[in-house]
Amino acid sequence: MKILSQTKFALGSPTQRSGVGLKIAFIGDVMLGRLVNTVLKLDNYSYVWGSTLDVLKRADLRFANLECVISDKGMPWSPEQKIFHFRAHPSAIKVLRKAKIDYVSLANNHTLDYNTDAMLDMTKRLRDADIAFSGVGRNLSEASAPAIVKKNDTTIMKPAISSFSKSSATFKIAIISLTDNEPEWEAEGKLLRNDVSSVTMHMEDAPWEKILPIRKTKAQKMPKQSRDHGVPAAENGRPGVFYVPLRLTKRYEAILRKSIQNAKKNSDIVIVAAHVGPHFRTKPSKFYVNFAHKIIDLGADIYWGHSNHVPQGIEVYGNKLIMYDAGDFIDDYATDRYTYFSNDQSFIFIVTIDDKKIKRVELFPVKISSFMLQTNRAEKEEAREMCDNMEKACYALDTITARRNNEIVIEIFEK
Ligand SMILES: [Zn+2]
């Protein structure tokens with residue numbers, strides 16, 4: 001049952017890096033392959049971020065969903081089965097570093113586009129660059145394990161005001177990454193496959209052709225290849241993603257519970273990055289809502305959704321936060337308009353956490369500039385309209401919002 005915790009409302013102060021509490025910036029899909037990859041040849045690794053860097057740097061930490069593989073290895077996975085394969089040149093790591101991205105979620109429908117070799121090569125490159133990740137691994141145990149991001153408390157709060165004591169050394173954030181896409185990429189899949197009650201429900205009705213064709217050129221025709229995606233039949237498991245179906249069976253619920261509880265033991269805040277659900281929907285379906293509620297009920301503090309390609313509303317569930325979908329942040333996809341948003345419109349979601357509690361989320365509208373391969377802050381009339389539409393989406397989820405110019409502020413109060 002939903003509990004509305006927003007019993008009162010007050011505008012937050014403008015977002016500033018030095019404010020009280022830890023500020024985490026969440027963004028949606030970052031796809032650095034295809035045409036975006038060509039920008040890398042210009043050796044201008046900050047270009048794609050445009051004017052959004054100014055907002056991103058106001059946060060203490062920055063989290064993104066990486067919707068491609070970064071590697072120079074591998075062959076396209078099963079071209080007969082999958083049309084779109086996204087791979088960025090290894091220098092794309094510098095793009096992430098330019099924006100000071102601290103964490104990327106990798107459980108999604110593109111992380112194994114160039115098979116296991118490329119995926120494992122990417123994880124090594126991310127480790128070397130000190131960028132945390134989760135959602136993939138050499139087996140289920142690794143894929144379902146959280147990334148732990150630590151932040152020294154002295155950089156994130158004013159001790160005189162905060163209830164944190166100076167002696168609390170670090171603030172630990174656990175991030176689990178899961179997806180209901182590409183069941184064949186499931187880590188250690190054989191063990192669990194028998195328990196899947198149905199194929200993921202959104203796969204049939206996803207109008208991929210509407211969005212994924214490249215803006216300027218036709219998608220490249222891939223050579224024929226066997227469906228074997230290079231995964232070794234290892235005795236100790238199989239590399240892949242943390243696959244979790246939206247319709248949870250008892251076994252998957254047990255795996256998810258264990259993953260969240262393990263994360264909880266080792267952290268102050270648990271975030272679940274979920275690349276799940278149908279695409280291009282104005283609002284989350286009841287299955288999607290139930291899934292997000294279940295994840296919070298199992299112990300997560302923040303649900304961070306992506307995969308819809310279009311932003312959806314925010315729900316305050318108890319004192320916890322559900323961002324149903326963050327939309328697309330960087331890509332070269334063809335653009336189409338849906339009820340509230342087009343798929344080149346999204347937000348930077350900056351969440352403030354203080355004393356281990358979620359205090360506030362601030363939304364900054366952004367827009368992918370067509371033909372420029374660059375994301376910038378949305379301006380004037382467009383920003384106003386995006387905020388209007390996001391407020392409508394939030395109201396539909398009983399969430400109280402307020403406006404600060406062309407930005408949205410949602411305060412979360414304790415019951
Ligand atoms: Zn995706």
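Cut-offs and rules
Residues numbered from 1 in each chain as written. Predicted model: local features only at pLDDT ≥ 70, side-chain atom pairs only at ≥ 80, totals over all residues. Buried ≥ 20, exposed ≤ 12 C-beta atoms within 10 Å, placed from the backbone. Helix = DSSP H or I, 4+ residues; strand = E, 2+ residues; numbered from the N terminus. Pairing = 2+ DSSP bridges. pLDDT = per-residue confidence, 0-100. Contact = placed C-beta atoms within 7 Å.

1. Looking at the pairing of strand 1 (residues 22-30)
Most of strand 1 sits inside the fold, with nine of its nine residues counted as buried. Alignment of strand 1 against strand 16 (residues 345-354), held across five bridges, turns out to be antiparallel. Residue Leu22 lies in a different strand from strand 16, and its bridge partner there is Ile353. Here strand 1 runs beside strand 2 (residues 61-66); their pairing, made up of five bridges, is parallel. Paired with Val30 across the two strands is Leu66, which belongs to strand 2. Where strand 1 meets strand 15 (residues 328-330), two bridges bridge the pair, whose relative direction is parallel. When the bridges of strand 15 are listed, Val30 appears paired with Ile330.

2. Overview of the pairing of strand 2
With six of its six residues buried, strand 2 lies for the most part within the structure. Of the two faces of strand 2, the one holding Leu61, Phe63 and Asn65 and the one holding Arg62, Ala64 and Leu66 are both buried throughout. Judged from the three bridges that link them, strand 2 and strand 5 (residues 103-105) form a sheet pairing that is parallel. What sits directly across from Ala64, in strand 5, is Val104.

3. Considerations on the confidence of the model for the protein
Looking at the protein, the pLDDT average stands at 83 and 79% of residues meet or exceed 70. Segment residues 7-18 is flagged for pLDDT under 50; beyond a separation of four residues in sequence, or across chains, it makes 21 contacts in the model. Predicted confidence for residues 214-235 stays below pLDDT 50, and this span has 36 contacts to residues more than four positions away or in other chains.

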